Amino acid sequence: MTLGEFRGEVLRGTEWFGHDFAGQRVAVVAPGREAAQIVPEVAATARSVKVFQEEPDWVVPMPVPGPNVLGIAVARVFLRWQVKDPWIRRLLTPDRRFGSRRTAPGLGYYGALRRPGCKLVTWPVYAFAPYGIRTAEGVEHQADVVVLGASSFFALKGRPG
């Protein structure tokens, strides 16, 4: 899979930081820990944002010192407090054990996902089309800009076209 067909703007790594997305439809392709950093900033100015979550990660409002027991409690309470919809909350809950990966401090992430123009997409990205992203179930999501998290960019770069 390559970005070859996509005709819009592609921002990689941290190129999204400070970018003005006013009036644009933005697709963010990133794992949860990176999306937690990217989405609040992008959603502040974009017309719409679709978050193509590669995998959920534990998100905490701030770094939590101490044992994993405390961290998992904070992450679970934060998720329940911020995301009222049980189905969306399930989609945002990682299957793996807390502490097996770095947690993501993301105070504004869940709030950004609640915005009217922001949508969480959990179907895998299948292809980049001229005007957006096609997911595995065959839906083409229109986008003017694609923001690739650093992990997504390196994974994409390593795949043959």
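About the cut-offs
Residues numbered from 1 in each chain as written. Predicted model: local features only at pLDDT ≥ 70, side-chain atom pairs only at ≥ 80, totals over all residues. Heavy atoms only, no water. Pairing = 2+ DSSP bridges. Helix = DSSP H or I, 4+ residues; strand = E, 2+ residues; numbered from the N terminus. Axes fitted to C-alpha atoms, helices over the stretch in contact; angles between N-to-C directions. Contact = heavy atoms within 4.5 Å. Salt bridge = Lys/Arg side-chain N within 4 Å of Asp/Glu carboxyl O. Buried < 20%, exposed > 50% of the residue type's maximum accessible area, 1.4 Å probe, protein only. Core = buried A, V, L, I, M, F, W, Y, C linked by side-chain atoms within 4.5 Å. Phe/Tyr/Trp six-rings, centres within 6.5 Å; stacked < 30°, edge-to-face > 60°. Right-handed = clockwise from strand over helix to strand, strands pointing away.

Draft legend 1. Quick look at the sheet that holds strand 10 (residues 145-148). Taken together, the five strands give an open sheet; going across it, the order is 1-10-2-3-6, and neighbouring strands pair in parallel fashion. Edge positions in the sheet fall to strand 1 (9-12) and strand 6 (118-121), since each has one partner strand and no second. Going from strand to strand, the sheet's axes swing by 20° on average, the running direction of each strand aside. The strands touched by helix 1 (residues 32-43) within the sheet are strand 2 (25-30), strand 3 (48-53), strand 6 and strand 10, with strand 2 carrying the most contacts at an inclination of about 165°.

Draft legend 2. Geometry of the sheet that holds strand 7 (residues 125-129). Spatially, three strands are ordered 7-8-9 in an open sheet, and the strand pairing comes out antiparallel. Both outer strands of the open sheet, strand 7 and strand 9 (140-142), are each paired with one neighbouring strand and no more. Sheet twist, expressed as the mean angle between neighbouring strand axes with direction ignored, is 25°. For strand 8 (residues 132-135) and strand 9, the ladder comprises three bridges, and the chain directions are antiparallel. Within strand 9, the position partnered with G132 by the bridge is Q142.

Draft legend 3. Region of the structure containing the pattern of salt bridges. Scanning the model with the defined rule gives four salt bridges in all. Between R33 and D57 there is a salt bridge, with its nearest N and O atoms 2.9 Å apart. Pair noted here: R33 is in helix 1 and D57 is in the loop between strand 3 and strand 4 (59-60), with a separation of 24 residues, a long-range link. For the pair R33 and D57, a shared accessibility class is recorded, and that class is buried.

Draft legend 4. A look at the nonpolar core. F21, V51, Y109, Y110 and V147 are the most contacted members of the largest nonpolar core, which totals 30 residues. Among the secondary structure elements, those contributing two or more residues to this core are strand 2, helix 1, strand 3, helix 2 (68-82), helix 4 (109-113), strand 6 and strand 10. In terms of residue count, the dominant contributor to this core is helix 1 (six residues). When residues no more than four places from it in sequence are discounted, the contact partners of V51 are V28, A35, V39, Y109, L113, C118, K119, L120 and V121. Listed in part, the 12 residues of the second largest apolar core include V121, F128, I133 and L148.

Draft legend 5. Here's a closer look at the packing of aromatic side chains. Counting across every chain of the model gives four aromatic pairs. Plain terms: the ring middles of W16 and F17 are 5.6 Å apart, the flat faces sit at 75° to each other, and that makes the pair edge-to-face. According to the relative accessible area criterion, W16 is buried, its value standing at 8%. Measuring from centroid to centroid gives 5.4 Å for F78 and Y110, while their planes differ by 45°, and the two rings are tilted. Of the two residues, F78 sits in helix 2 while Y110 sits in helix 4, which places them 32 residues apart along the sequence. With respect to burial, F78 and Y110 carry one shared label: buried.

Draft legend 6. Spatial organisation of the pairing of strand 3. Pairing of strand 2 with strand 3, which is carried by six bridges, proceeds in the parallel orientation. Residue A30 lies in a different strand from strand 3, and its bridge partner there is Q53. For the crossover that starts at strand 2, traverses helix 1 and ends in the parallel strand 3, the hand is right-handed. Here strand 3 runs beside strand 6; their pairing, made up of four bridges, is parallel. Counterpart to F52 in the pairing with strand 6 is V121.

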